[in-house]
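# Descriptive analysis of the structure
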Amino acid sequence: MMMMGAGEIWAGMGSTIATVMFLYAMVQQYCPSVLRYQFQNYSRWFVNLFNPYISISFYEYTGERYQRSSVYEEIETYLTGNSSQLARRLKADVVEDGKDLVLSMEDYEEITESYQGVNLWWASRQSVTTNQTISFYGTDADDRRYYLLTFHRRHRKLVTEKYLKHVREQGKKMKVESRQRKLYTNNKNETWSGYRKRSMWSHVAFEHPSRFQTLAMNPVKKKEIVDDLITFSKGKDYYAKVGKAWKRGYLLHGPPGTGKSSMVAAMANLLEYDVYDLELTSVRNNNELKKLFIDISSKSIIVIEDIDCSIDLTRQRKEDKKENADEEKNPIVQMAKKQRNLRRIVRLIVFTTNHVEKLDPALIRRGRMDKHIGLSFCCFEGFKVLANNYLDIDSHPLFETIQSLFQETQMTPADVAENLMPKIVPWDVETCLNNLIEALMKVKEEAKSKAEEESKSVNKEEAKVAESIQ
Ligand SMILES: Nc1ncnc2c1ncn2[C@@H]1O[C@H](COP(=O)(O)OP(=O)(O)OP(=O)(O)O)[C@@H](O)[C@H]1O
Ligand SMILES: [Mg+2]
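Residues numbered from 1 in each chain as written. Chains lettered and ligands numbered in written order. Predicted model: local features only at pLDDT ≥ 70, side-chain atom pairs only at ≥ 80, totals over all residues. Heavy atoms only, no water.

## Examining the overall build of the protein
- For the protein, the helix and strand inventory stands at 18 helices and 14 strands.
- Burial status across the protein gives 37% buried among its 470 residues.
- By element, 53% of the accessible surface of the protein is carried by carbon and sulfur atoms, the whole surface being about 28900 Å². (Helix = DSSP H or I, 4+ residues; strand = E, 2+ residues; numbered from the N terminus. Buried < 20%, exposed > 50% of the residue type's maximum accessible area, 1.4 Å probe, protein only. Areas by Shrake-Rupley, 256 points an atom, 1.4 Å probe, with all protein chains shown as cover.)

## Focus: the packing of aromatic side chains
- By the definition in use, this model includes 16 aromatic pairs.
- On the numbers, 5.8 Å between centres and 25 degrees between planes, the contact of F380 with F383 is stacked. One end of the pair is F380 and the other is F383, both in helix 15 (residues 380-391) and 3 residues apart, which spans about a single turn.
- Among the residues examined, F383 registers a relative accessible area of 0% and is labelled buried.
- When the ring of F380 is compared with that of F399, the centres are 6.1 Å apart and the planes differ by 90 degrees; the resulting orientation is edge-to-face. Note that F380 is positioned in helix 15 and F399 in helix 16 (residues 399-408), a separation of 19 residues in sequence. The residues F380 and F399 share a single accessibility class, namely buried.
- Among the aromatic residues, those joined into a ring-pair cluster are F58, Y72, Y115, W122, Y147 and Y163. (Phe/Tyr/Trp six-rings, centres within 6.5 Å; stacked < 30°, edge-to-face > 60°.)

## A look at the packing of helix 17 (residues 413-420) against helix 18 (residues 429-469)
- At a minimum axis distance of 8 Å, the contact between helix 17 and helix 18 shows a crossing angle of 135 degrees. The angle between helix 17 and helix 18 falls in the class oblique. Across the interface between the two elements, V416, N419 and L420 from helix 17 touch C432, L433, N435, L436 and A439 from helix 18. (Axes fitted to C-alpha atoms, helices over the stretch in contact; angles between N-to-C directions. Parallel < 35°, antiparallel > 145°, perpendicular 65-115°, else oblique. Contact = heavy atoms within 4.5 Å.)

## A few points about the environment of G374
- Structurally, G374 can be placed in strand 14 (residues 371-374).
- Remark: the alpha-carbon pair of G374 and P255, spanning 119 residues in sequence, is separated by 9.4 Å.
- When near neighbours in sequence (up to four residues on either side) are disregarded, G374 contacts K221 and H253.

## A few points about helix 16
- Buried within helix 16 are the following residues: F399, I402, L405 and F406. Buried positions in helix 16, seen along its axis, are confined to an arc of 120 degrees and lie on one side of it. The exposed set on the far side of helix 16, more than 90 degrees from its buried face, consists of E400 and Q407. (Arc of directions from axis to C-beta.)

## Here's the deal with the confidence of the model for the protein
- With 69% of its residues at a pLDDT of at least 70, the protein reaches an overall mean of 78.
- Confidence over residues 135-142 falls short of pLDDT 50; this stretch has 20 contacts with residues more than four positions distant or in other chains.
- Below pLDDT 50 for its whole length, residues 311-324 participates in 19 contacts with residues either more than four positions away or in separate chains.
- Reported confidences for the modelled complex are a pTM of 0.65 and an ipTM of 0.99. (pLDDT = per-residue confidence, 0-100.)

## Some words on the pattern of salt bridges
- As enumerated under the stated definition, the model contains 7 salt bridges in all.
- Where E224 meets K371, a salt bridge forms, and the shortest distance between an N and an O atom there is 2.8 Å. Taken together, the residues E224 in helix 6 (residues 219-233) and K371 in strand 14 connect sequence positions 147 residues apart.
- According to the relative accessible area criterion, K371 is buried, its value standing at 14%.
- Members of the salt-bridge network, linked through shared partners, are D228, R248 and D370. (Salt bridge = Lys/Arg side-chain N within 4 Å of Asp/Glu carboxyl O.)

## Considering the nonpolar core
- F212, M263 and M267 are the most contacted members of the largest nonpolar core, which totals 27 residues.
- Of all the secondary structure elements, the ones that give two or more residues to this core are helix 6, strand 10 (248-253), helix 8 (260-271), strand 12 (300-304) and strand 13 (348-353).
- For this core, the leading source of residues is helix 8, giving 7 residues.
- With near-sequence residues (within four places) excluded, M263 lies in contact with F212, L215, M217, I225, L252, I373 and L375.
- If you look at the next biggest cluster of nonpolar residues, it comprises 24 residues, including I393, L398, I402 and I437. (Core = buried A, V, L, I, M, F, W, Y, C linked by side-chain atoms within 4.5 Å.)

## As for the sheet that holds strand 11 (residues 274-277)
- Strand order in the open sheet made by the 7 strands is 9-8-11-12-13-10-14, with mixed pairing throughout. Looking along the sheet, the strands with just one partner apiece sit at the ends: strand 9 (201-205) and strand 14. Direction aside, the axes of adjacent strands within the sheet are offset by 20 degrees on average. (Pairing = 2+ DSSP bridges.)

## Concerning the site of ligand 1
- In the region of ligand 1, 15 residues are neighbours, and A216, K260, S261, S262 and N354 sit closest.
- Contact between ligand 1 and T258: an oxygen atom at 3.3 Å from a main-chain N or O atom of the residue.
- In the model, an oxygen atom of ligand 1 is placed 2.8 Å from a nitrogen or oxygen of the K260 side chain.
- If you list the elements that add at least two residues to the shell around ligand 1, you get helix 8, helix 15 and helix 17.
- When residues of the shell around ligand 1 are assigned to their parent elements, the largest contribution, 3 residues, is made by helix 8.
- Classifying every residue of the shell around ligand 1 gives 7 nonpolar, 7 polar and 1 charged. (Near = heavy atom within 4 Å. Polar contact = N/O pair within 3.5 Å; in protein donor to acceptor, adjacent residues only side chain to side chain. Nonpolar A, V, L, I, M, F, W, Y, C, P; charged D, E, K, R; others polar.)

If you want it as structure tokens, here you go:
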């Protein structure tokens, strides 16, 4: 057979196009509108017959109350993660409070993805409804942003049953991971406007570096706490099974500088929760307290620091004969009495105190506070964690001296950390360890002379008493 020349092909195609154009013009001009409509419908059907691709659109705003669609957000997060590598045109946004730029697909940009060997196309679009579009989770109103997923119809089952589930799950996961966590503090009631959460709580980005790995404390105790927290965080079903309310209350007690606040931060970092630091003295009554808690998400830790100060006040007030009804309403008094109420609203609550002995026993009774965690002076095990953090060492010949000094001396982890930290550049491990040894010896000497003085004064007292008797 003779090969057709390129010129002939073009000539043939040219005439075909001309014929189609002519027919189309005729239809436009002479057909009544009803017939024209029929014709358009048939032509659409005809095109669809040979178009093997299906598209699904996911709108940003759903019909109901213009809420941002969670599916859209999940897809956005999923594509943000993947599109940074695949798409050529990206737009950059700064997330709230974040310093990092988040790259996502520019409008009308398209990317191709491969899932289980199947190619799929994602496009970011705005308004306009297209043919053969199945509109999920949204209406067809104009001026909407949406993602369009296109795939071959033979993969319909795979996409609707597996791939979309995969995208949503991954998107959800990535969202949790990239979420900028926040540290909230409550404002005084005067600044609240209406019931808006924003003015009740102010927030900053939560970026505390403390982790359980960097906490100096008894390793057995540490593991127990980590396990407890993980069981709690995963435990909705578990707690239901054992018949316990899915709530947890911790009391962290110990002298200043033993790592109570650091542990709260480590807890938040472990669970990836927000932290709500509740300043009780700014809360006037129980009603305010309830309002503060209404909008708190379940992935939060509520912290009430230095609860002993509050309880001190309670006692003072009780002793005060002029105590009036207003003071009875004081949240601190209520707090002590209605701890149970608070725990009904809050899922994970942590109290800290320097003086556990001063607390009202009713407040700290087990069952009301699930776990009491005593943080104490630094032990040798704790020191090893700090040495690893600050100096990057696991062992050293000077460790032996340090170990024996820790058996005789009490120093808080905060002070140990401070003494270990290099003070000059360049620094060396030995100097840092010697600085700590020096500090420990000093503390030991001070404690010794203090004890001697005390025994001297006791002797003097005894002598005085003996003299007076004579
Ligand atoms: N157990 C610890 N492990 C590691 N670092 C610690 C520990 N305890 C204290 N530190 C260090 O000391 C600093 C102060 O500790 P932190 O604020 O956690 O103490 P605290 O017990 O909350 O004290 P306070 O009772 O005064 O509130 C921390 O920033 C941390 O660097
Ligand atoms: Mg603290």
